[in-house]
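Here are the chains, one letter per residue:
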Amino acid sequence: MRFTLIPQLSTKDGEANKNARMTNTLAERNQTGAVFGCVRPGLSVYRSFSGAGNGIVELNGDLLAFFANKVYMQDGTEIATAADTYFDFAQSTL
Amino acid sequence: MKQLFIKSTVAAWYLTETINKIVYSEDFSNAAWAKSNITLTSGQTDPNAGTNAFKATATANDATLLQEITLDGGLLNRVFSIYVKRITGTGDISLTANGTTYEAKTITALWARYDVTAEVGNETINVGIKISTSGDEVDVAFAQYENGIFPSTYTATTTTNPYTITQITDADYPANTARGVVFHSGRFFVMTLAGEIYQSALEDAATWSSLEFIQSQSDPSDGVFLAKTQNYIVALKEWSTEYFYDAGNAVGSILSPVQNATHQIGCASDGSVQDFGGRIIFMAQTRSGFGRSIQMIGGTDIKKISTPNVEKILDADDLATVYSWCAQVGSHALYGITLVTTGVTLVYDFVTQQWSFFTYLQTNGAAKTVTAISATGTVTSTAHGLSDGGIVNIANTTADFNGWHIVTNVTANTFDIQAEGTAFSGTGSAQAYTETYFPVVASVRAEGRQYMQDASSGKLFEFSQDAYKDDVGAIAARIRTPKLDNGESGTKFMASAELVGDKIASRACIRFTDDDYATYSGFRPVDLSVSRSRIRRLGKFSRRSFEILHVKDALFRMEALEIE
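Cut-offs used in this document
- Residues numbered from 1 in each chain as written.
- Chains lettered and ligands numbered in written order.
- Predicted model: local features only at pLDDT ≥ 70, side-chain atom pairs only at ≥ 80, totals over all residues.
- Heavy atoms only, no water.
- Helix = DSSP H or I, 4+ residues; strand = E, 2+ residues; numbered from the N terminus.
- Rg over C-alpha atoms; globule rule 2.2 N^0.38 Å.
- Areas by Shrake-Rupley, 256 points an atom, 1.4 Å probe, with all protein chains shown as cover.
- Lys, Arg positive; Asp, Glu negative; His and termini not counted.
- Charge placed at Lys NZ, Arg CZ, Asp CG, Glu CD.
- Buried < 20%, exposed > 50% of the residue type's maximum accessible area, 1.4 Å probe, protein only.
- Contact = heavy atoms within 4.5 Å.
- Salt bridge = Lys/Arg side-chain N within 4 Å of Asp/Glu carboxyl O.
- Phe/Tyr/Trp six-rings, centres within 6.5 Å; stacked < 30°, edge-to-face > 60°.
- Pairing = 2+ DSSP bridges.
- Axes fitted to C-alpha atoms, helices over the stretch in contact; angles between N-to-C directions.
- Polar contact = N/O pair within 3.5 Å; in protein donor to acceptor, adjacent residues only side chain to side chain.
- Core = buried A, V, L, I, M, F, W, Y, C linked by side-chain atoms within 4.5 Å.

(A) Spatial organisation of the overall build of chain A. Check the secondary structure of chain A and you find zero helices and 10 strands. Since a compact globule built from 94 residues should have a radius of gyration of about 12 Å, the 20 Å found for chain A marks it as more spread out than a globular shape. Dimensions of chain A, computed from the C-alpha atoms along their principal axes, are close to 60 × 35 × 30 Å. Of the roughly 3700 Å² of accessible surface on chain A, a fraction of 46% belongs to carbon and sulfur atoms. Side-chain charges in chain A split into 8 positive and 9 negative, and the spacing between the mean points of these groups amounts to 16 Å.

Now the structure itself:
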């Protein structure tokens, strides 16, 4: 008897550590239609800064990273000082 | 010039990027400019009657003053421009926009701006000026290199930082705003906590008017988040959601409300709101009863994507700190929400419409000393304190045993790991790890990578489908099945349970519970590289659930559990 390994998350009482679930596993379908439970993508450190993460945004192909009250480009160059709080972003089109 | 609006709830800035790709555009003495057979004399009168021009004197034929630039954006028309004035001589003065082709210009004794164009791709090139005849002299000032055919208004540069950030100081900009900012119809929009939506001047983030706002109207609750979907601005309030569109109003706000498109569904947490491909995802709540859900807005349609079980977990949290993010990696389009108080991260895959948990490993106490490991992987570590199913990193022993393992077969001073080799004796270490919530607070795609930002450690991550471990060294991939009873509750006997999936050089561990997840059997290792990856002699049961755990650095991909 064969059972699928892709359960929909289940809980009786809101307790997160009981019942059926996938943890760090995502459902994937292959070319034959079979559904797999696959380990999630991993987090690799791209660059280390310091302080709280206050948002990241893409601008003209560059990544701008806000850590503590500093703004950095993805190559680590500090480009500005703002404030140590979480930010929202919007870009004009011109 | 494109502006990036940056706002917190109490202040706002805008950031602009200079179009001039030259650095030190007025300081030709800087090392960024390569001087070949040229001497420079600073302090010359510039085109603006200042003293920022340089006299360039050729000390040999074909003297050059060049700057190296690395370009991106693909094949584009590029234009180099510079102000030049002839001082002495009559030889050719040439400009280059690609480092290989020089175009001679007719230079006069008066300041004039000259330019040259070239089609250039993603290359590193040298741009600048050449003096063909030794002894000739010109004054030069205000160099600029940009995309296009015609030079635009000159912008001075100094360092390699192409960005300028400016805080908005207009007294009419609201003192306190809800989360979120929207660019629409050439203007930036923000919402106050009272639900008033203010607009900036056209294409100008710095200028605001106290009279140019519209009040959200359907209910008096607080503004929570301002977002955008399609051509609508969406005011997410505590107990309602309202839509606005650009009505081109000549007086006051350009916005008008979209009639009959209000939902009596509000936003429970501003930290839950994400824009994913023009769809707004957020944690919702209603006045009609306690109960939260995850909703998705596209246009004026709203759709629930959470399941009742997910909603129970949302309901159990106090929402003191909530993070959320979206990511597109491989075949997965993900929305993640972290409830910090509860300590869980829930992740929705838009492709499979499946919810799962994400966790992250962190050290749990001090590392314990390992004094021996048997050839079959029994570790001796006095008072190790580990329990069955614990995750441990063995170090400073041998390559046979170092690495990530699941603790099984535990006694007070020993435990088993999933490795065999030459017996070890000496001083190694066993560091226990525990699972915590996924630490990501923000995510964005740039330059073909999915970047993620850690909430507190200062780490900027890349989230990659080619990585099967996190930066700590492992991912605890876990699948717990529903209760299996073959459709009837009578006693049954189970001879074996086999993991069906990809064959990889790795090992997982399996355990089961027969009492509704109250207690579990011990974890048993299963080799994922052999033809039948199974455990045997599983005894009798009525209703049984299995849990599979894998922590190795390998592409763990399982299809089914086959039971005999």
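(B) View of helix α1 (residues 308-315) of chain B. Every buried residue of α1 of chain B is accounted for by N309, V310, E311, I313 and L314 of chain B. Buried residues along α1 of chain B sit against β24 (279-286), β25 (289-298), β26 (301-304), β28 (332-339), β29 (344-349) and β30 (354-363) of chain B.

(C) Quick look at the pattern of salt bridges. All names here are of chain B. If you walk through the whole model with that rule in mind, you get 26 salt bridges over all chains. Across the salt bridge formed by E435 and R478, the nearest N and O atoms sit 2.5 Å from each other. Of the two residues, E435 is situated in strand β36 (residues 424-437) and R478 in strand β40 (residues 477-480); the sequence distance between them amounts to 43 residues. What you see here is one network of salt bridges that share partners, running through E435, R478, R480, R511 and E547.

(D) Seen up close, the packing of aromatic side chains. With the rule as written, the count across this model stands at 27 aromatic pairs over all chains. Between F66 of chain A and F89 of chain A, the ring centres sit 5.0 Å apart and the planes meet at 45°, which makes this aromatic pair tilted. On the criterion of sequence distance, the pair formed by F66 of chain A in strand β7 (residues 62-67) and F89 of chain A in strand β10 (residues 88-91) is long-range, its members being 23 residues apart. The burial state of F66 of chain A is the same as that of F89 of chain A; both residues are buried. Ring centres of F276 of chain B and F350 of chain B lie 5.3 Å apart, and the angle between their planes is 25°; this geometry places the pair in the stacked category.

(E) The sheet that holds strand β3 (residues 33-36) of chain B, seen in detail. Residues and elements named next belong to chain B. The five strands lie next to each other as β3-β6-β11-β8-β9, forming an open sheet whose pairing is antiparallel. Edge positions in the sheet fall to β3 and β9 (102-105), since each has one partner strand and no second. Shown here is a sheet whose adjacent strand axes are inclined to one another by a mean of 25°, direction ignored. With four bridges connecting them, strand β8 (residues 93-96) and β9 associate as antiparallel partners. Opposite T96, over in β9, you have Y102 as the bridge partner.

(F) Layout of the pairing of strand β39 (residues 459-464) of chain B. Inspection of the sheet shows strand β5 (residues 42-48) of chain A paired to β39 of chain B by six bridges, in the antiparallel sense. In the strand pairing of β39 of chain B, S48 of chain A is matched with K459 of chain B. Across three bridges, strand β38 (residues 449-454) of chain B lies against β39 of chain B in antiparallel orientation. Bridging across to β39 of chain B, Y451 of chain B finds its partner in E462 of chain B. The turn joining β38 of chain B and β39 of chain B, which pair antiparallel and follow one another in sequence, is formed by four residues; a positive phi near 85° is taken by G458 of chain B.

(G) Structural view of the pairing of strand β11 (residues 124-131) of chain B. Residues and elements named next belong to chain B. Most of β11 is tucked away: six of the eight residues are buried. Of the strand pairs in this sheet, strand β6 (residues 63-70) and β11 are connected by eight bridges, and their pairing is antiparallel. When the sheet's bridge partners are listed, I69 is paired in β11 with I125. Where β8 and β11 come together, four bridges link them in antiparallel fashion. Across the sheet, residue L95 finds its bridge partner in β11, namely I129.

(H) Representation of the environment of T414 of chain B in the model. Residues and elements named next belong to chain B. Structurally, the position occupied by T414 is in strand β35 (residues 414-416). With 33 residues separating them in the primary sequence, T414 and S381 have C-alpha atoms 5.7 Å apart. A polar contact of 2.4 Å, which involves the side chain of T414, links it to the side chain of T411.

(I) Layout of the nonpolar core. Counting residues in hydrophobic clusters, the biggest one holds 30 residues, and the most contacted among them are I22, F28, F80, I82, V84, V140 and Y145 of chain B. Mapped onto this core, the elements with two or more residues apiece are β5 (53-58), β6, β7 (76-88), β8, β10 (112-120), β11 and β12 (137-147) of chain B. Setting aside residues no more than four positions away along its own chain, I82 of chain B makes contact with F28, L95, A112, R113, Y114, V140, A141, F142 and A143 of chain B. Judged by nonpolar contacts, the second largest core, of 29 residues, contains L5 of chain A together with A477, L484 and I510 of chain B.

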